[in-house]
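Summary of the model geometry
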Amino acid sequence: MPAESDNEMEILPAAGPIAQTAKDFKSDQMVRWCPGCGDFAILATVQKLMPTLGIPREKIAFVSGIGCSSRFPYYMNTYGFHSIHGRAPTVATGLKCANPDMQVWVVTGDGDGLSIGGNHLIHALRRNVDLKILLFNNRIYGLTKGQYSPTSEIGKKTKSSPMGTIDAPLNPISLALASEASFVARAVDTDLPFLSEVLTRAAHHKGSVFVEIFQNCIVFNDGAFENVAAKDVREEKMMKVQHGKPMIFGAKKDKGIRLNGLEPEVVTFDPAAPPKDLFVHDEKAPSATLANMLGHLAEPVPQGIFRAVERPMLHELMDAQIDQARTAKPADLQKLLNGPETWTVAA
Amino acid sequence: MSDTSTPPKPSKLPIEEIESAVIRFAGDSGDGIQLTGMQFTTTTAFAGNDLATFPDFPAEIRAPVGTTAGVSGFQIQFSSRQVLTPGDAPDVFVAMNPAALQANYKDVKKGGMILVNKDTFNAGNLKKAGYAVNPLEDGSLSDFRVIPVELGRLTRNALDGMGLTATETERCKNFFALGMMYWLYDRPMEATLKWIETKFKKNPKYVEANHKALHAGNAYAETAEIFGHHFRVNKAPIKPGLYRNITGNEATALGFIAASVGAGRPLWYGSYPITPASDVLHELSKNKNFGVKTFQAEDEIAAVGSAIGAAFAGHLALTGTSGPGIALKAEAIGLAVMTELPLIILNVQRGGPSTGLPTKTEQADLFQAMYGRNGECPAIVVAAATPGDCFQMAYEAARLAVKYMTPVFLLTDGYLANGSEPWLIPQAKDLKPFEKVPLPPVGEFKLYKRDPETMARPWVSPGTAGYEHRLGGIEKQDVTGNISYDPDNHERMVRLRAAKVNKAAQDIPPLEILGEKKGKVLVIGWGGTYGAITAGVQNLQKAGKSVSSIHLRHLNPLPPDLGDIMAGFDHVVIPELNMGQLLKIIRAKYLVPATGLNKIKGQPFKVTEIEEGVEAILKGGK
């Protein structure tokens, strides 16, 4: 178990010497999401976060695929690439490895990232590409006007499932953990201070970041997460996990999670005297087993950082091999062209 | 019986000088056929002959032993004059087993020699090869001079007492056969002996065994007097200089590395393994000391996506595959067209459609390169003519992509990829560096403001302060590059993208005409058919026929002088290993009644097929 004094906020570097404000990160393009869309809040949070990172905006890139969330890069005055459906992690991988000086963010959605682009997502995560992948999960296809997505609840009635969906949804957190993402987190579009906290951690993590953001689609899936994320219920239905802290939730801090064998269970107690055997969160655990158990918890729904571990990043490994090859054999184009065996044809 | 302990004495048997020869080795894919062929090739190149090779192997790595499905072949033509193809019909064919004989004997020249490994002609192998009766005994090979040799037994005798296992001994029999062929064509064995020493330097026993097998085969060919006499092919009049042997895939990889040096930008190769393109990935992966970044992606789409990301980042970015992979990459290539990023797309074509014939050659992806995307989505298309030309065209593809800020297809094919030829090694210092276009001042920067000469937009690497911008697949507003749904703007942009690709015509050198500028028939080729077409046309010209030929390396845009050249001839014939794709493009663009000469067998053209096809046009006067 980690030491109690391991305060995660202490490891974050202070803002850099560059004077930038949120305004510097707003592009001149009109934001074209539906009024009331959860994406506005996420955009504003990210624009506010950027100046605190101490990275000049030309060293930041946002890459996206297709879908409502994927319009994001157009609204950021950084470098940006609005690519094609599902493929943002591939473009971002090329960009990051070719230019490791860039901080590269990927903005995707439940359709873009988990359906058409599911394959790229898992491979970017397992390679530990240094990408900050934000997956806006609204459990619906918005840009195509309301079909079910890979995270839609079973039985959900949509335009393409008038009798209810028959496809079981997948769990984005479990998928990311199974793909060995080195940073896995969840936040909600309506709790901006906490979203900002999670994204700040994400920004400073070195390696593949996966953040699922519960996001409301006001037109096609309004109230997507109301049952757990609405202001009046969220303290009871969701739980913020913190590294090294026991898992406690509830408006009165009177509920917690305890392990019963291999199963987590909710216990209620007097907040003045919480039980000693509450489950203590360890985001740095070498194995993803406990994080995955949390990922499957349906009530309360955990948010915060499930896992944050360090391992070598793809661009580092790639560059190291190039250095190693150069040390072993300096680049000599003529030698390369000559190859192992030559012969001379005399005049 | 030969005595391997004494070096072979100069032969007393007569030697006949011949101009050229075609030989083919074939056996199980585990028989070391490709290796044997490559050794013969190296020795032949060192002897100063011109040559061309064609390996032909099955898609299965180890198909059932002894079956025709597992037969691997290697053909080489070598000559004291210019060689343009691996040859139509072998003069000498070495069959390591009945299946190899069954699969190949029909190709052998009438009266040609077939050397068979007699040991393998037992009931089991004959049955596996589909023979009811032993072909060595039923007279079915009466058109050929059949020479049965007990390769297995003779190799065992030669290596007797060395303490090798049966399998180890068996593995040396290809060198016994190679030794025989070296005697037959009066070749020195030093290069192969040296190669064996290097290859098995960790295992002196294998060096000795293979040396012995090679010497034994050589001595046996002479002392047993099985060939009666032997041949000499003199040096060819080859342009002086330093040469190496090179396959198309090797040349392609070297061309890209050279282009990276020329462009002054690191190379990114995003690829997913696929036959027959994988060797380019292997070759580039070996050369990371040049700063080459190879990325074996999770699929074809990720491969091209990563290359687009790397191009955005300012790298010289490529993706390479074969036809099925191009199909998967199509949408992303459209993105590169829209975002006007330089991207080189290598297609080592193979037989299609679908999985098709993975190890066989075809030219049926020209339409795919030209039109295989949604929307009006033009790209530059170039094609290599010979294995060595792959180097030149890889360099050219990269240069055009960067100059015009657009995707460029490089088409090669399985025949070029695996075939090899002696290559006059280019001088690195003579390679022309790419032109660098400076960025406009920050205040004047517009993402889609075009260079007046090339119509290219500026290429800004992320990280450059003051030039922050967003690219994407949605239609761009002219000049600013912002999103635009304006109808007039869309039409303008579609026309601008097409005009930009057409601008590349200004870079195409005048076509070289083989033969007269006017005449009865003009043969137009592209890609790997160059050798067969050129040899066929040369033969027709020698026979006094009014035939000329040109070979296209630039397919989109087409060379500006093509129309005028065609106007000088009564007939235009376009041989292609497809149903007539260039034919349709040329007919549509120039409204000429060109005729196709088409073959879709997964095999290259034979020279005689070109000659006969053109003769038919000449006779028919069509």
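Worth saying up front: this structure is predicted, and the values here are computed from it rather than measured. (Residues numbered from 1 in each chain as written. Chains lettered and ligands numbered in written order. Predicted model: local features only at pLDDT ≥ 70, side-chain atom pairs only at ≥ 80, totals over all residues.)

**Examining the overall build of chain B**
From N to C terminus, chain B includes 20 helices and 22 strands. The C-alpha radius of gyration of chain B comes to 27 Å, within 12% of the 25 Å expected for a compact globule of 622 residues. Viewed in the frame of its principal axes, chain B has a C-alpha envelope of about 85 × 60 × 45 Å. Across the 622 residues of chain B, 54% fall into the buried class. Considering only contacts in chain B between residues 6 or more positions apart, those separated by 24 or more positions represent 76%. (Helix = DSSP H or I, 4+ residues; strand = E, 2+ residues; numbered from the N terminus. Rg over C-alpha atoms; globule rule 2.2 N^0.38 Å. Buried ≥ 20, exposed ≤ 12 C-beta atoms within 10 Å, placed from the backbone. Contact = placed C-beta atoms within 7 Å.)

**Observations concerning the overall build of chain A**
Helix and strand counts for chain A come out as 11 helices and 12 strands. Whereas a compact globule of 347 residues would reach a radius of gyration of roughly 20 Å, chain A reaches 23 Å, a difference of no more than 12%. Burial status across chain A gives 45% buried among its 347 residues. Contacts in chain A between residues far apart in sequence, at least 24 positions, make up 66% of those at least 6 positions apart.

**Observations regarding the interface of chain A and chain B**
Between chain A and chain B, the contact holds 52 residues from the first and 57 residues from the second. Residue assignment for the side of chain A that touches chain B shows that the elements contributing at least two residues are β2 (79–82), α2 (88–98), α4 (118–126), α10 (314–328), α11 (333–338) and β12 (343–345) of chain A. Element by element, the count of residues in the side of chain A that touches chain B is highest for α2 of chain A, at eight residues. Looking at the side of chain A that touches chain B, its residues break down into 25 nonpolar, 19 polar and eight charged. Of the strand pairs in this sheet, β2 of chain A and strand β17 (residues 470–472) of chain B are connected by three bridges, and their pairing is parallel. In the strand pairing of β17 of chain B, Gly-80 of chain A is matched with Arg-470 of chain B. (Nonpolar A, V, L, I, M, F, W, Y, C, P; charged D, E, K, R; others polar. Pairing = 2+ DSSP bridges.)

**Side note on the nonpolar core**
Membership of the largest hydrophobic core comes to 254 residues, with the highest contact counts inside it found for Leu-95 and Val-211 of chain A together with Ile-308 and Ala-398 of chain B. In terms of residue count, helix α14 (residues 389–404) of chain B provides more of this core than any other element does, 11 residues in total. Residues within four places of Ala-398 of chain B in sequence aside, it is in contact with Phe-256, Ala-259, Ala-263, Leu-316 and Ile-344 of chain B. (Core = buried A, V, L, I, M, F, W, Y, C linked by C-beta atoms within 7 Å.)

**So, the sheet that holds strand β15 (residues 407–413) of chain B**
Residue and element names in this part refer to chain B. Read from one edge of the open sheet, seven strands run β11-β10-β12-β13-β15-β14-β20, paired in mixed fashion. Either end of the sheet is taken by a strand with one partner, and the two such strands are β11 (293–296) and β20 (554–556). Across the sheet, the mean angle from the axis of one strand to that of its neighbour is 20°, orientation sign disregarded. With four bridges connecting them, strand β10 (residues 267–271) and β11 associate as parallel partners. Along β11, the bridge assignment pairs Gly-270 with Phe-295. Contacts between helix α9 (residues 248–263) and the sheet are confined to β10, β12 (316–321), β13 (343–349) and β15, with β12 contributing the most and set at about 165° to the helix. (Axes fitted to C-alpha atoms, helices over the stretch in contact; angles between N-to-C directions.)

**Section: the confidence of the model for chain A**
The share of residues in chain A with pLDDT of 70 or more is 95%, and the mean pLDDT across the chain is 93. Confidence drops under pLDDT 50 across residues 1–16 of chain A; counting only partners more than four residues distant or on other chains, this segment forms 19 contacts. (pLDDT = per-residue confidence, 0-100.)

**Some words on the pairing of strand β19 (residues 547–552) of chain B**
Residue and element names in this part refer to chain B. Among the six residues in β19, six count as buried, and that is most of the element. Bridge analysis of strand β18 (residues 519–526) against β19 gives six bridges, and the strand direction is parallel. Across the sheet, Trp-526 pairs through a bridge with Leu-552, a residue of β19. Each parallel crossover has a hand, and the one from β18 via helix α17 (residues 530–542) to β19 is right-handed. (Right-handed = clockwise from strand over helix to strand, strands pointing away.)

**Some details on the environment of Ile-23 of chain B**
Residue and element names in this part refer to chain B. If you trace the backbone, Ile-23 turns up in strand β2 (residues 20–28). Here the alpha-carbon distance between Ile-23 and Met-181, two residues 158 residues apart in the chain, equals 9.3 Å. Not counting residues within four places of it along the chain, the set of residues in contact with Ile-23 comprises Ile-76, Pro-90, Asp-91, Val-92 and Met-181.

**What about α17 of chain B?**
Side chains of residues three or four places apart in an α-helix project in the same direction, reflecting 3.6 residues per turn. All names here are of chain B. Here α17 spans 18 Å end to end across 13 residues, near enough to the 18 Å set by a 1.5 Å rise per residue. All of the buried residues along α17 are Tyr-530, Gly-531, Ala-532, Ile-533, Thr-534, Ala-535, Gly-536, Val-537 and Leu-540. For α17, the elements touching its buried residues are β3 (50–56), β18, β19, β21 (569–576) and α20 (607–620). Two residues or fewer past α17, Gly-544 is found with a positive phi of approximately 85°. (Expected span 1.5 Å × (residues − 1).)

**What about the packing of α2 of chain A against helix α11 (residues 300–312) of chain B?**
Taken N-terminus to C-terminus, the directions of α2 of chain A and α11 of chain B make an angle of 45°; their axes are 6 Å apart at the nearest point. Taken together, the axes of α2 of chain A and α11 of chain B lie oblique to each other. Note that α2 of chain A runs across α11 of chain B; the crossing there is right-handed. Residues Thr-90, Val-91, Ala-92, Thr-93, Gly-94, Leu-95 and Ala-98 of chain A of α2 of chain A touch α11 of chain B, and the partners they reach there are Ile-301, Ala-302, Gly-305, Ser-306, Ala-307, Ile-308, Gly-309, Ala-310 and Phe-312 of chain B. A class-by-class count of the residues in the contact of α2 of chain A with α11 of chain B yields 10 nonpolar, six polar and no charged. (Parallel < 35°, antiparallel > 145°, perpendicular 65-115°, else oblique. Left-handed = near helix turned anticlockwise from the far one by under 90°.)

**So, the environment of Glu-150 of chain B**
Residues and elements named next belong to chain B. Checked against the element boundaries, Glu-150 lands in the loop between β7 (145–149) and α4 (151–158). Along the chain, Glu-150 and Glu-331 lie 181 residues apart, while their C-alpha atoms are 57 Å from each other. Residues contacting Glu-150, with those up to four places away along its chain left out, are Lys-118 and Asp-119.

**Brief notes about the sheet that holds β19 of chain B**
All names here are of chain B. What the four strands build is an open sheet, ordered β19-β18-β21-β22; its pairing is parallel. The two strands at the open ends of the sheet, each matched to only one other strand, are β19 and β22 (595–598). In this sheet, neighbouring strand axes are inclined to one another by 25° on average, regardless of whether the strands run parallel or antiparallel. Two elements, β18 and β21, share four bridges in a ladder whose sense is parallel. Within the sheet, the bridge partner assigned to Val-523 lies in β21 and is Val-573. Lying on the sheet, helix α19 (residues 581–590) is in contact with β18, β21 and β22; it crosses β21 at an angle near 145°.

**Re the packing of helix α7 (residues 190–199) of chain B against helix α8 (residues 204–223) of chain B**
Residues and elements named next belong to chain B. Here α7 crosses α8 at 160°, and the two axes come no closer than 9 Å. On the basis of their axis angle, the class for α7 and α8 is roughly antiparallel. α7 and α8 meet at a crossing whose hand is right-handed. Taking contact as the criterion, the partners of Thr-192, Leu-193, Ile-196 and Glu-197 in α7 are, on α8, Val-207, Asn-210, His-211 and Leu-214. Among the residues forming the contact of α7 with α8, the class breakdown is four nonpolar, three polar and one charged.

**Let's talk about unusual backbone geometry**
The linkage connecting Glu-299 of chain A with the following residue, Pro-300 of chain A, adopts the cis geometry, with an omega of 0°. The omega torsion across Thr-275 of chain B and Pro-276 of chain B is 0°, close enough to zero to call that bond cis. Take Pro-276 of chain B: it is sitting in the loop between β10 and α10 (278–285). With a phi close to 55°, Asn-128 of chain A is a non-glycine residue in the positive phi region. For Asn-128 of chain A, the position within the fold is in the loop between α4 and β4 (131–137). In this structure Asn-128 of chain A comes out as buried when scored by C-beta crowding, with 24 C-beta atoms within 10 Å. Residues other than glycine seldom take positive phi values, yet Arg-139 of chain A does so here, at roughly 60°.

**Section: α20 of chain B**
All names here are of chain B. A rise of 1.5 Å per residue sets the reference length of α20, with its 14 residues, at 20 Å; its end C-alpha atoms lie 20 Å apart and thus fit the reference within 8%. If you check which residues of α20 are buried, you get Val-607, Ile-610, Glu-611, Gly-613 and Val-614. Across the axial projection of α20, the buried residues extend over an arc of 165°, all falling on one side. For α20, the exposed residues set more than 90 degrees away from the buried face come down to Glu-612, Lys-619 and Gly-620. Among the structural elements, β18, α17, β19, β21 and β22 are those in contact with the buried residues of α20. (Arc of directions from axis to C-beta.)

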